[in-house]
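The chain contents come next:
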Protein chains: 2
Amino acid sequence: MPNKNLEEAKEKLKKHIIDESELSAADIASHLKILKTHDEDEYAKYLEKLDAHTLGEAAMEMPEHMLRDVIENIPNDKIAEAIDELESDDATDLIQTIEEIDEEKAKELFSSLEIDSQKEISKLINYEDNEAGAYMQTELFSARLDESLGSAIARFRIMKQENKIENVFSLFVVDNEGVLKHTIALEDLITYDFNLNLNQIVVEDEERFKPHFAIDSDDIKVVADIIMDYDLSAIAVTNRAGILLGRITTDDIHDFLKESATEQIYNLAGVNDEAEEEGLVKTGRARAAWLFVNLITAILGVIVIGFFEKSIESLVALAVLMPIVASMGGNAGNQTLAVTVRRLALGEIGIDDFWTVLKKEIIMAIFNSLIFAIFLGVLVGLWFDMPMLGVVIAVAMVANIIMAAFLGTFIPLTLKRIGLDPAVGSTVFLTTATDIIGFFVFLGLATWILL
Amino acid sequence: MPNKNLEEAKEKLKKHIIDESELSAADIASHLKILKTHDEDEYAKYLEKLDAHTLGEAAMEMPEHMLRDVIENIPNDKIAEAIDELESDDATDLIQTIEEIDEEKAKELFSSLEIDSQKEISKLINYEDNEAGAYMQTELFSARLDESLGSAIARFRIMKQENKIENVFSLFVVDNEGVLKHTIALEDLITYDFNLNLNQIVVEDEERFKPHFAIDSDDIKVVADIIMDYDLSAIAVTNRAGILLGRITTDDIHDFLKESATEQIYNLAGVNDEAEEEGLVKTGRARAAWLFVNLITAILGVIVIGFFEKSIESLVALAVLMPIVASMGGNAGNQTLAVTVRRLALGEIGIDDFWTVLKKEIIMAIFNSLIFAIFLGVLVGLWFDMPMLGVVIAVAMVANIIMAAFLGTFIPLTLKRIGLDPAVGSTVFLTTATDIIGFFVFLGLATWILL
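For clarity, every value in this text was computed on a predicted model and none was experimentally measured.

**Student:** Can you tell me about the packing of aromatic side chains, naming the residues and giving the values?
**Tutor:** A full pass over the atoms with the stated rule returns 24 aromatic pairs over all chains. Centre to centre, the rings of Phe375(A) and Phe292(B) are 5.7 Å apart; their planes meet at 65 degrees, and the pair counts as edge-to-face. With one member in each of two chains, Phe375(A) in helix H20 (residues 354-383) and Phe292(B) in helix H16 (residues 280-307) form a pair that bridges those chains. The class for Phe375(A) is partly exposed, based on a relative accessible area of 36%. Lying across the ring of Tyr46(B), Lys49(B) places its NZ or CZ 5.3 Å from the centre.

Right, here's the structure in full:
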């Protein structure tokens, strides 16, 4: 199997280099990765053979260890050329990633870039990770109101020939101060006479050409929502004064959607998504932090059990059975929690929907817990030959699953209401609560009724 | 607070209806939802006032209960008009959703649609949910090789005026049999002389105009990857013979990305994402299924504890402490599991990366578990005044956390290798294993060393 993969990877890369068959950057990076695993020499050879354009695009898709190979083995001027060829947002990302690997190298590369690239990157690098500006590229197709459509297109043709711009879906129209006034989608633009001036076009249907835009300091989440709500393929980005700075395209929104889903999945599992991108030490430390919180909360559960030491001594079956009650509560609660967190993130529910969600969850909890309670109660009653023990575990389980449904709704909605991320820490809070409630109700009832 | 929301919602809807300010469909649906909660009469009034176009778009964003209001209160011919105005993929979705609410009504509406819409929907409705065809719209801007660019654009202008098409980013060029031959992005198209015939344009740069396409029966996941890898804004869909059928646009990919993230989050929590969309009974039943699996596995854990009843009787501290070991293993394992499942989904790792991933996870598990083991061992030794009990719990915890790291890697990669979804059931398998291993190692060691 590995050899087949290796041969296929070599074949495809060779074909790409010789006749420029259009492999995607992601494909090239993954073929190179196979080569690296199986044949270091061939890997080095192909890495060197890539043209600057392909190298830049592929570098964007490479894991850190491969990027390290690139900066150690490829001459600076070729890497600089590769970065120059990237769109400004990608160039900025790449320089930042290289900076994390080798700060000195990043400086060297930066000073070898074209002056224009240096200027763009210097601007973009100052945005925070969650700001629209950080996702923006500065390459634009824009024109002033008094320009003719034909002249704007003639300029655009030259930009295209010089490979200065791609993925263009609209023309941004600005006034003499550079303030964004209108957006004309290419699909509208092609239906007009090219001899018309832009101001003659935009007066025809002000509503249609009203621009959607984001401010560079806007949260990218808000921008993503606008893009998705209006099915845009790109959105203009301006500063607070309305001056057009750049644009965000849907491929950036794809990345954002994937990143935010990863963040939710990781947060629910007590994993920090940013630390996970770092080295082993930082990743391990971030995971340990949540495990430590879990340890402390587990000790709380243990203290509750400790209250009932005497009961357990006189009826050891209690120790045997108590994990079932806790486990079922934890699982049922995690179901509710996952659904609530996700529906909040998708905007399907809001903090005002507490009662609606809770009602639904409680009804399901009552039904489901009753079924399991009857099943487990009968089983335990027969197994230990103690009908009342069956009753105790059944009641404890119903109580714990209903509480779990309440908490699975309450915890994320409350976190959201006080402005925190509904996914962060909610699993630990929930399972601590279902453990403590499960142990307490089961052992307490048993002590009261049986002993 | 609610009244402020209500007034704002009324204001915005009124403005939309009077001067057609461009609210997004999502905004309209959410304003209507606020109205429904606070003022049923106003809600009914605004629902009626929406024009057919807005109604259709907004209906796509409505939860089931509001869609029910629409089909019960708005005349059939207006709803049919609203459906006619939608793009074919959305029209199909809406008819299918209405069918789930009221089958009879869906039939009535379908027969009131324009013949063209009926034809398109009949075709699209046959695709499976995960097929590219189900995400495709049949509205296209296409032309034959021998047509002039100017003539194609003239036809397109009329389609636009008749509101037959929107969100167009490229012209699909077909041969006389309707087989897709080339794709010309609008950004390239505008740089050519409109008097040229298409075959004169495409010969200039065959590589640039080579079409990306999907087959209608392709898995949408594969199609989404192509769109994202090549940063496309739309992709052509053909049948197996290459005949052009429709196109998939990025807004469909946004939906797909959100849906697949939801699926992963839900699967990890033992929730079925499809059942969750259904009524209370189906949702509850699907959740109960996973809870039942969890119950059975919890009983397995209990059987293991049962082996050590005698040990617990002679040292009740074992019962008090055993949940800590299980809980820490479960949490550490879930961290590894979430990261592995997500990185598999993003394509960052594949089934061949087992050893690489495992090595990293095991190293972190050794470090983290040692720290917690020392902390907890000392605490327990002092607390119960039994140093050897501290040693036992420390060793058990290290063993369980390392096993958890192994299983958190092994379970999802193995599920993937045998062609199953790595997220489905993996949490239950994992926590069962960490419970059983935790109980067994802790109680076994204690029995062997202390008793």
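Moving on from the model shown.
**Student:** Summarise the relation of the copies chain A and chain B; cite the residues concerned and give the values.
**Tutor:** Under the fitted operation, chain A is carried onto chain B by 0.0 Å of movement along the axis and a turn of 180 degrees, and the coordinates agree to an RMSD of 0.1 Å. Here the symmetry operator amounts to a two-fold rotation axis. Most of the interface of chain A is mirrored in chain B: 98% of its interface residues are interface residues there too.

**Student:** Can you lay out helix H20 (residues 387-417) of chain B for me, pointing to particular residues and giving the numbers?
**Tutor:** With 31 residues, H20(B) ought to run about 45 Å at 1.5 Å a step, and its terminal C-alpha atoms sit 45 Å apart, in line with that. One or two positions beyond H20(B), positive phi appears at Gly419(B), with a value near 85 degrees.

**Student:** Lay out the interface of chain A and chain B in plain terms, naming residues and giving numbers.
**Tutor:** Of the residues lining the interface, 104 residues belong to chain A; the matching set on chain B comes to 102 residues. Carbon and sulfur atoms make up 66% of the surface buried where chain A meets chain B, a total of about 9,100 Å² over both sides. Of all residues in chain A, Glu187(A), Ile190(A) and Gln335(A) bury the most surface against chain B, accounting for 8% of the area lost on that side. Across the chain A-chain B interface, the total number found is 8 salt bridges. With its nearest N and O atoms 3.4 Å apart, the salt bridge here joins Asp353(B) to Lys33(A).

**Student:** Go over the environment of Ala154(B) with me, naming the residues and quoting the values.
**Tutor:** In this fold, Ala154(B) is placed in helix H10 (residues 149-161). Considered as a pair, Ala154(B) and Thr340(B) are 186 residues apart in the sequence and their alpha carbons are 52 Å apart.

**Student:** Explain a nonpolar patch on the surface to me, using residue names and the numbers behind them.
**Tutor:** Where nonpolar side chains cluster on the molecular surface, the patch consists of Phe292(A), Ile296(A), Leu300(A), Ile303(A), Phe307(A), Phe375(B), Leu379(B) and Trp383(B) and spans about 720 Å² of accessible area. Elements with a contribution of two residues or more to the nonpolar patch: helix H17 (280-307) of chain A together with helix H19 (354-383) of chain B. At 5 residues, the largest contribution of residues to the nonpolar patch is made by H17(A). Relative to the assigned elements, Phe307(A) resides in helix H17.

The rules behind these values
- Residues numbered from 1 in each chain as written.
- Chains lettered and ligands numbered in written order.
- Predicted model: local features only at pLDDT ≥ 70, side-chain atom pairs only at ≥ 80, totals over all residues.
- Heavy atoms only, no water.
- Phe/Tyr/Trp six-rings, centres within 6.5 Å; stacked < 30°, edge-to-face > 60°.
- Helix = DSSP H or I, 4+ residues; strand = E, 2+ residues; numbered from the N terminus.
- Buried < 20%, exposed > 50% of the residue type's maximum accessible area, 1.4 Å probe, protein only.
- Lys NZ or Arg CZ within 6 Å of the ring centre and 35° of its normal.
- Least-squares fit on C-alpha atoms with pLDDT ≥ 70 in both.
- Contact = heavy atoms within 4.5 Å.
- Expected span 1.5 Å × (residues − 1).
- Buried area = accessible area lost by both parts, 1.4 Å probe.
- Salt bridge = Lys/Arg side-chain N within 4 Å of Asp/Glu carboxyl O.
- Patch = residues over 30% accessible without salt bridge, like charges linked within 9 Å, V, L, I, M, F, W, Y side chains within 5 Å.
- Areas by Shrake-Rupley, 256 points an atom, 1.4 Å probe, with all protein chains shown as cover.

Shape descriptors only; they carry no functional weight alone.
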